[in-house]
Amino acid sequence: MNILHDLLFDYTLRNVALGSAFLGVVSGVLGCFAVLRRQGLMGDALSHAALPGVCLAYMLTGSKMPITLMLGAAIAGWIGMLLILTIIRRTRVDSGSALGIVLTVFFGLGVVLLTVIQKRNDANQAGLDKFLFGQAAALVQEQIVTMGIIGGVALLVVAFLFKEFKLVAFDPEFAGTIGFSPNRIGTALTGLLVVAIVIGLNTVGVILMSAMLIAPAAAARQWTNSLAKMVGIAALVGAGSGVTGAILSVTQDGVPTGPAIVLCLSLCAVVSILFGSAQGVVWDLVRRQRSRAAMEAPR
Amino acid sequence: MTQPEPTPAVFVRDLTVAYEEKPVLWDIDLDIPQATLTAIVGPNGAGKSTLIKTILGLVPAAAGTVRIFGEAYALNRKSVGYVPQRGSVDWDFPTDALDVVMMGLYGKLGWVRRPGKAERQTALNCLDQVGMADFAKRQISQLSGGQQQRVFLARALAQDARLYFMDEPFAGVDATTEVAIVNILKSLRDAGKTVVVVHHDLDSVPTYFERVVLLNVRLITSGPVGEVFTAENLQRAYGGRIAFLDR
């Protein structure tokens, strides 16, 4: 009960839990579309691509205001996204290689910039390296509010364009023939993915962010055959794992938040893949056994 | 509403499409009259799918003109229905048959507006027309190939179009489904709709269709089956491979 009390009244824990839960919802929702469009790895490439944006934003402004750093991350993420999409659409390089190229080049640049910043000897820079694995314990109210506004807008867009997003995720060609440009809607979806990534950088960090996108969607898919329900379950899984991971991180001093949340998510995903009611391995076996028994029964 | 010279449903002039320098379609001129049932046939790689995708604006043309009922496709989207190849989508997508059919109504709904009760009813009627009313709530991965094809057909019916393009609607379906689909195509034609079908089975062309387009990168010929579906034209389209018709 102590934890429950702290969740409500302890400033740090309340912030951390709120921020991680909200991040879980946004990344769970947008991750569903990424996974269904077979773009799970896109999230990984884009979150790595955001790192140099964070560094450059700090170097140019000298400010660690969350909105400044998030904007830098978003711009770098979007540039990474446009690069990937251009490489895929305009060259013969396949999508896997395009993701690999952008991920490593941007992340490499980000690490170099981090080193440069750390060598500049200014006291203010401390903490930028937290963007690698995330440090939820450092979340302040200002960041939570910023995350809330940006993520809230992203969720609203999904709510309004749910029909269009579903159509493009399922049958982009058909969408194109009836006037819903799959390129434009696809770019919008990937753009929103960048938004989810950006609000996750403080908490989970660039390296493990893609798990926040993929794992809730993969887990949710095992429990339902409806997209709307899948999105809802993914949001719940994301939020639940976010809160649990954040509590672990804050109470067990020194455990970085990103890995803690990702471990919770992985547990959810493994349990779902085994026991999920719609696609889970165990129920699949049971159903097969039953139908075999039913077929053999009349003899 | 009889016109002396009705506008062709599809009008194509000098259409050339190329992927990376290599021509896929070369200088196609084609008219498809309204209220006809037309098959597009030709060997693999002849550009059959590319032809309908270019007409639908999915593949950019290197040169040429396409008109649908005398207008650009973008202005006439709502009069055109499309059945893509069944294999072009992931049937493991989390949705049911009814939901897929409702997607046929999205074009008319426009942006943001969600389908409601009226749309559900329309979609159910369309599923009923293809004999799939009992499968409305079935997850699409649990449908057989023929049933999936019928769902796609029902989605096209929901579009309530005047002109339909269908990419191999008979691929991988059983004999019963094939007959059911042919009957639907014929009743569409009888209702004054124009239906254009990419088709693989040469044997059934004369029984299913009244017009045929023979294609092999260039247009070999097009016209009424009785006039142009000849051994000589087939030889020109398929070359020496006539003995090994694909599939």
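In case you missed it, the structure is sitting above this.
Report follows, based on the coordinates. In this text, all values refer to a predicted model and were calculated from it rather than measured experimentally.

Right, let's get into the packing of aromatic side chains. Per the stated rule, a full pass over the model turns up eight aromatic pairs over all chains. Ring centres of Phe170 of chain A and Phe93 of chain B lie 5.3 Å apart, and the angle between their planes is 55 degrees; on these two criteria the pair is classed as tilted. On the criterion of chain membership, the pair formed by Phe170 of chain A in helix H8 (residues 162-170) and Phe93 of chain B in the loop between strand E5 (80-83) and helix H2 (97-102) is interchain, its members lying in two chains. Owing to a relative accessible area of 1%, Phe93 of chain B belongs among the buried residues under this scheme. Its end group placed over the ring of Phe174 of chain A, Arg155 of chain B keeps NZ or CZ at 3.6 Å from the ring centre. The cationic tip of Arg162 of chain B hangs over the ring face of Phe69 of chain B; the distance from NZ or CZ to the ring centre is 3.8 Å.

A word on the layout of surface pockets. In this structure, the largest pocket encloses a volume near 940 Å³. Along the walls of the largest pocket sit 30 residues, with Asn183 of chain A together with Gly57, Leu58, Val59 and Pro60 of chain B positioned nearest its centre. It is helix H4 (residues 66-90) of chain A that contributes the most residues to the lining of the largest pocket, six residues altogether. Its residues placed into classes, the lining of the largest pocket shows 15 nonpolar, eight polar and seven charged. There is about 700 Å³ of room inside the second largest pocket. The wall of the second largest pocket is formed by 22 residues, among which Arg37, Arg38, Gln39, Val168 and Pro172 of chain A lie closest to the centre. With five residues, the single largest contributor to the lining of the second largest pocket is helix H10 (residues 182-200) of chain A.

All names here are of chain B. Structurally, Val17 is set in strand E1 (residues 10-19). Measuring from C-alpha to C-alpha, the distance between Val17 and Ala63 comes to 7.0 Å, with 46 residues separating the pair along the chain. Not counting the four nearest positions on each side in its chain, Val17 is found in contact with Lys22, Pro23, Val24, Leu25, Thr50, Thr54, Val59, Pro60, Ala61 and Ala62.

Conventions adopted
- Residues numbered from 1 in each chain as written.
- Chains lettered and ligands numbered in written order.
- Predicted model: local features only at pLDDT ≥ 70, side-chain atom pairs only at ≥ 80, totals over all residues.
- Heavy atoms only, no water.
- Phe/Tyr/Trp six-rings, centres within 6.5 Å; stacked < 30°, edge-to-face > 60°.
- Helix = DSSP H or I, 4+ residues; strand = E, 2+ residues; numbered from the N terminus.
- Buried < 20%, exposed > 50% of the residue type's maximum accessible area, 1.4 Å probe, protein only.
- Lys NZ or Arg CZ within 6 Å of the ring centre and 35° of its normal.
- 1 Å grid on protein atoms, 1.4 Å probe; cavity = no way out; pocket = protein on both sides within 12 Å on 5 of 7 lines; lining within 4 Å.
- Points joined across faces, edges and corners; volume = space filled by probe spheres on them.
- Nonpolar A, V, L, I, M, F, W, Y, C, P; charged D, E, K, R; others polar.
- Contact = heavy atoms within 4.5 Å.

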